[in-house]
Amino acid sequence: MASLNVGNLGEYLREQRRNAQLSLRQLADAAGVSNPYLSQIERGLRKPSAEVLQQVAKALRISAETLYVRAGILDEKERDELETRAVILADPSINERQKQVLLQIYESFRKENGFETSSYAESYANEEAEPYADVDTENPETADGPRTADGSDAGPKQTPPS
């Protein structure tokens, strides 16, 4: 569902709530906030915390990062980086090790191209990166031998005879 680029957080939330066909009371209940508080946010009288925005985003089934950008908590570049990471982590067709290797490769390309890692992205990446610290992103086979497509061991690394 495409949304219009409206001026502020409150208007944007109201638009998303209406697109989801939820009353103010229904959204407040789903997000675990009071009806008057949500109304004040929509009218621009209150600035919600990141936690409240996350709850509202979950209830609306939209990206919390988008709300963070609208609220001025996160800038647009950081949001794009976080959403890329979230898509990789949410992909059910690859296993956890493959996800971590892919994230490490993604990060190495960003650094190579002169992009700084945001503090949000660093903390996001480091949450699960430690178990895979031995993976060489230049050549993933060097960590502990070759892997099959599903990430399982393919056996000892073969070297050609001299």
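Keep in mind it's a predicted model, so treat the numbers as computed, not measured.

Draft legend 1. Looking closely at the overall build of the protein chain. Each helix and strand in the protein chain was counted, giving eight helices and zero strands. Helices and strands in the protein chain line up, N terminus first, as α-α-α-α-α-α-α-α. Each of the 162 residues in the protein chain was classed as buried or not, and the buried ones make up 35%. At a minimum sequence separation of 6, the contacts of the protein chain that also span at least 24 residues come to 48%. Total accessible area computed for the protein chain in this model is approximately 10300 Å², and 49% of it derives from carbon and sulfur atoms.

Draft legend 2. A look at the pattern of salt bridges. In total, this model carries four salt bridges according to the counting rule given. A salt bridge links E42 to R14, with the shortest nitrogen-to-oxygen separation between them at 3.4 Å. Taken together, the residues span a long stretch of sequence, with E42 in helix α3 (residues 35–42) and R14 in helix α1 (residues 9–19) at a distance of 28 residues. We classify E42 as buried; its relative accessible area is 4%. On the basis of relative accessible area, R14 is assigned to the partly exposed category, the value being 22%. Through salt bridges with shared partners, a single network forms among R14, R17 and E42.

Draft legend 3. Spotlight on the packing of α1 against helix α5 (residues 64–71). Across the interface, α1 lies against α5 with an axial gap of 9 Å and an inter-helix angle of 150 degrees. Between α1 and α5, the angle falls in the class roughly antiparallel. Facing L9, Y12 and L13 of α1, the residues of α5 in contact are T66, L67, R70 and A71.

Draft legend 4. Representation of the nonpolar core in the model. L9, L13, V33, L38, L53, V56 and L67 are the most contacted members of the largest nonpolar core, which totals 21 residues. Here the element with the most residues in this core is helix α4 (residues 50–60); it accounts for five residues. If near-sequence neighbours (up to four positions away) are discounted, V56 is found in contact with L13, L27, A31, L38 and L67.

Draft legend 5. Broad picture of the environment of L13. One can find L13 in helix α1. Separated by 25 residues in sequence, L13 and L38 have C-alpha atoms that sit 9.4 Å apart.

Draft legend 6. Looking closely at unusual backbone geometry. Positive phi, normally seen in glycine, also occurs at Q21, with a value near 55 degrees. Among the secondary structure elements, Q21 is positioned in the loop between α1 and α2 (24–31). Positive phi is not limited to glycine here, since R61 has a value of about 60 degrees. Mapped onto the secondary structure, R61 falls in the loop between α4 and α5.

Reading guide: rules and limits
Residues numbered from 1 in each chain as written. Predicted model: local features only at pLDDT ≥ 70, side-chain atom pairs only at ≥ 80, totals over all residues. Heavy atoms only, no water. Helix = DSSP H or I, 4+ residues; strand = E, 2+ residues; numbered from the N terminus. Buried < 20%, exposed > 50% of the residue type's maximum accessible area, 1.4 Å probe, protein only. Contact = heavy atoms within 4.5 Å. Areas by Shrake-Rupley, 256 points an atom, 1.4 Å probe, with all protein chains shown as cover. Salt bridge = Lys/Arg side-chain N within 4 Å of Asp/Glu carboxyl O. Axes fitted to C-alpha atoms, helices over the stretch in contact; angles between N-to-C directions. Parallel < 35°, antiparallel > 145°, perpendicular 65-115°, else oblique. Core = buried A, V, L, I, M, F, W, Y, C linked by side-chain atoms within 4.5 Å.

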